[in-house]
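This is what each chain is made of:
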Amino acid sequence: MSSVSTNRDDLSFRPAFVGSPSAVDAEPVSQVQPPPLPLAKTWSIIFLIYTGIAILLTGYRYLDDLSRNRPGTLAIRSLEEITGVYTAFVLLPLVFRAADLYLFRPKRMNWVLTGFWHIVAGVTFSLAHTSLMAITREIISPLVGLGRYDYGIMFYRYPMELSNDLVGFTSIVCLYYYFRKFRLAQAQELAAAQLKTKLAEAQLENLRLQLQPHFLFNTLNTISSVMYEDVKAADQMVTQLSDLLRLTLRASRTHEIPLGDELQITRLYLDLMQKRYEEKLRVRYEIDSALSDALVPQLILQPLLENSLRHGMKASGEAIDISIDARRENGSLTLKISDTGTGFGSSDPNSVLGRGVGLVNIRDRLAQLYGGGQTFSIANRAGGGAEIALRLPYRTAQRSQLAADPAAANASDAGISAESNSSDSEPSSLPSVAPLRPLSQDQ
Amino acid sequence: MTSQPDSLRVLVVDDEAPARRKLLRLLRDESTLEIVGEADNAESAIAAIEKYRPDLVFLDVQMPGADGFDVVRAISGDGDGRAADAPRFVFVTAHDHYAVKAFEVHAFDYLLKPVGEDRFREVLRRAREQHKKNGDVSEKGLRGLIDEVLRERGFSDRLLIREESRAYFVNVREVSWIESERNYLILHCGAKSHTMRGTLDSIEEMLDPKLFARINRSSIVRLDAIKEMLPWFHGEYRVILHDKTEVRWSRRYVTRRPELLRAP
């Protein structure tokens, strides 16, 4: 029984973020970009809005003239407002580009600097806008039979339009800023939701795997045989099987767990498999012990091992060697699972992925968690057998913990203490536990 | 445990050693019973059955590479008339819905893991009775079971190759192309090739059309083994495989699989 309690102590399985999965989500998901907008449609809508503004402003100016008893100005007011509004429309792409540069490019917002660049951009916009208005009116006015257009003294025009333009410029930039923020938040929400679905699927997959009736019944059959030969060994297998079931029931909702925790499940699983297959299965671990805090996606190794065992073992009954390799290379963590089995028998990645449902799920999860920061490769080994390698950005639990806000840290303390004195209440908080109910009732 | 005229000769097949030991332990308590051997994979099971001609085989259904049904299929003969004196089979399985249903439909005995002693003795008693009643096993029964299981399982993952001294399985994904020559099929697997009895028509039915295509009267190629396809005359194609073999894709067979030429 001592092994059970040590296990429990080792199991800071729910690493720091209980109740606040977003603390973990934040980093990977922030790399998400919203899908591109349909350009033609977006610009058409903006153009229509500007046309509407031109009509309203013309009406405003013309009615003003009428109320002062100055009729006959409709044509000239239309010319003024149309040129005024459409020249601003033409400048919009530059406005957006400028806003990108000083609002979205900087990593940290400095209000003084942002304000400064905003005014610089606004003044530049106004200078360009006023000049464009003067030029277009000069050109168009004689063409539509309104004679030469008199814009007055430009020395006063520029500051006069500046006040107007600054207000317009600021409102456009504000709208643009909030629109982009809104879309980004939407995309992140979607990505986070998708990630959660994948994790739930992975958990289910894993449950199916360990509690797969095959695994369970075959392991029980082995125990029922071994207990005639070696009572101690049989007892140990019962403990290991229970620990494995318990760990699976406890699987946390976080996307990432320390490698040490992930390996604990892996070792139990492979130990049991080894006792079933005896000398036909040899396992070698090459794990850099400094990596036990490195974060890895939860439940990532097991489907890969299961894949090796189920599809790699040969019909001729030869022994299979499986090795699990974890090492750090510069800023990344490389996990490698290689075996001496039958290999994939094909170089086509699609038919390879078809070999196990789990592989597709893993590939998608990695892509969603780390985007371009990861690689997932499947290959046949030169000497026969398969090799699957994952390369992830190297991060440790500690570092993320510091990054999380104090509230999250408090929540994590509560989570750990809750875990250490409750064992039965935990599973009920998990969405994927439902299929296990009958089992826990039996116990 | 000396061989007596009415003694039951038994073979135990399971890929996991502890599972075999469990059955062997139960069998050793029996009298007038001879354990002729044990096997830990499908290929050695076939070899042992052919060598020792046991009366009864405890056969694990799930084994990697080739499973218990592959063993039965090999023993009952893929239409090459080898099923002369097939043994009686008792299937052993951990959990397999459709197989268990098939066992019941075709009146085969089976054991569920973990194997319980009472059920084991009962199954063994029945096997002895049947063995005494008639020495021969109904080949029809075996074929019925295999046909049903194969239907459930879909296309074959592996093909049984028989040589004079041994039988073994070849994974279909290792085969690059299959050529027919009279009553024989030559499976080309890279540098190696295997010969089996059979016709291209019968093997075509067993292979997944997503993986294989018949490209002329006498050849089937694995699609992944194709390097390129070059248009030839009269709507025919020259198919070049990764191993540099060239096979002609005749027009009649091009029209059968037009989707293969379409861009994905």
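Right above here is the structure, for reference.
Attention in this report is confined to the structure presented alongside it. (Residues numbered from 1 in each chain as written. Chains lettered and ligands numbered in written order. Predicted model: local features only at pLDDT ≥ 70, side-chain atom pairs only at ≥ 80, totals over all residues.)

## Some points on the nonpolar core
Piece 1. Of all hydrophobic cores here, the largest spans 63 residues; its most connected members are V13(B), L59(B), V71(B) and V90(B).
Piece 2. Excluding residues within four positions of it along the chain, L59(B) makes contact with V13(B), G68(B), V71(B), F89(B), V90(B), F91(B) and V92(B).
Piece 3. Of all hydrophobic cores here, the second largest spans 44 residues; its members include V226(A), L333(A), F344(A) and L392(A). (Core = buried A, V, L, I, M, F, W, Y, C linked by C-beta atoms within 7 Å. Buried ≥ 20, exposed ≤ 12 C-beta atoms within 10 Å, placed from the backbone. Contact = placed C-beta atoms within 7 Å.)

## Focus on the sheet that holds strand 8 (residues 177–181) of chain B
Residue and element names in this part refer to chain B.
Piece 1. The antiparallel open sheet is built from 5 strands, whose spatial order is 10-9-8-12-11. The sheet terminates laterally at strand 10 (192–197) and strand 11 (212–216), the two strands that pair on one side only. For this sheet, the mean inter-axis angle between neighbouring strands, taken without regard to orientation, is 25 degrees.
Piece 2. Relative to strand 12 (residues 219–222), strand 8 runs antiparallel, the two sharing 3 bridges. Counterpart to E179 in the pairing with strand 12 is S219. (Pairing = 2+ DSSP bridges. Helix = DSSP H or I, 4+ residues; strand = E, 2+ residues; numbered from the N terminus. Axes fitted to C-alpha atoms, helices over the stretch in contact; angles between N-to-C directions.)

## A word on the environment of L335(A)
Residue and element names in this part refer to chain A.
Piece 1. Tracing the chain through its elements places L335 in strand 5 (residues 332–339).
Piece 2. The class of L335 is buried, set by 23 C-beta atoms lying within 10 Å.
Piece 3. Ignoring any residue separated from it by four or fewer positions in sequence, one finds L335 in contact with V296, A326 and L390.

## Description of the pairing of strand 7 (residues 167–171) of chain B
Residue and element names in this part refer to chain B.
Piece 1. With 5 bridges connecting them, strand 6 (residues 158–162) and strand 7 associate as antiparallel partners. Directly across from L160, in strand 7, lies its bridge partner F169.
Piece 2. Where strand 6 folds back on strand 7, the antiparallel hairpin that results is connected by 4 residues.

The values reported here are purely geometric and, on their own, carry no functional implication.
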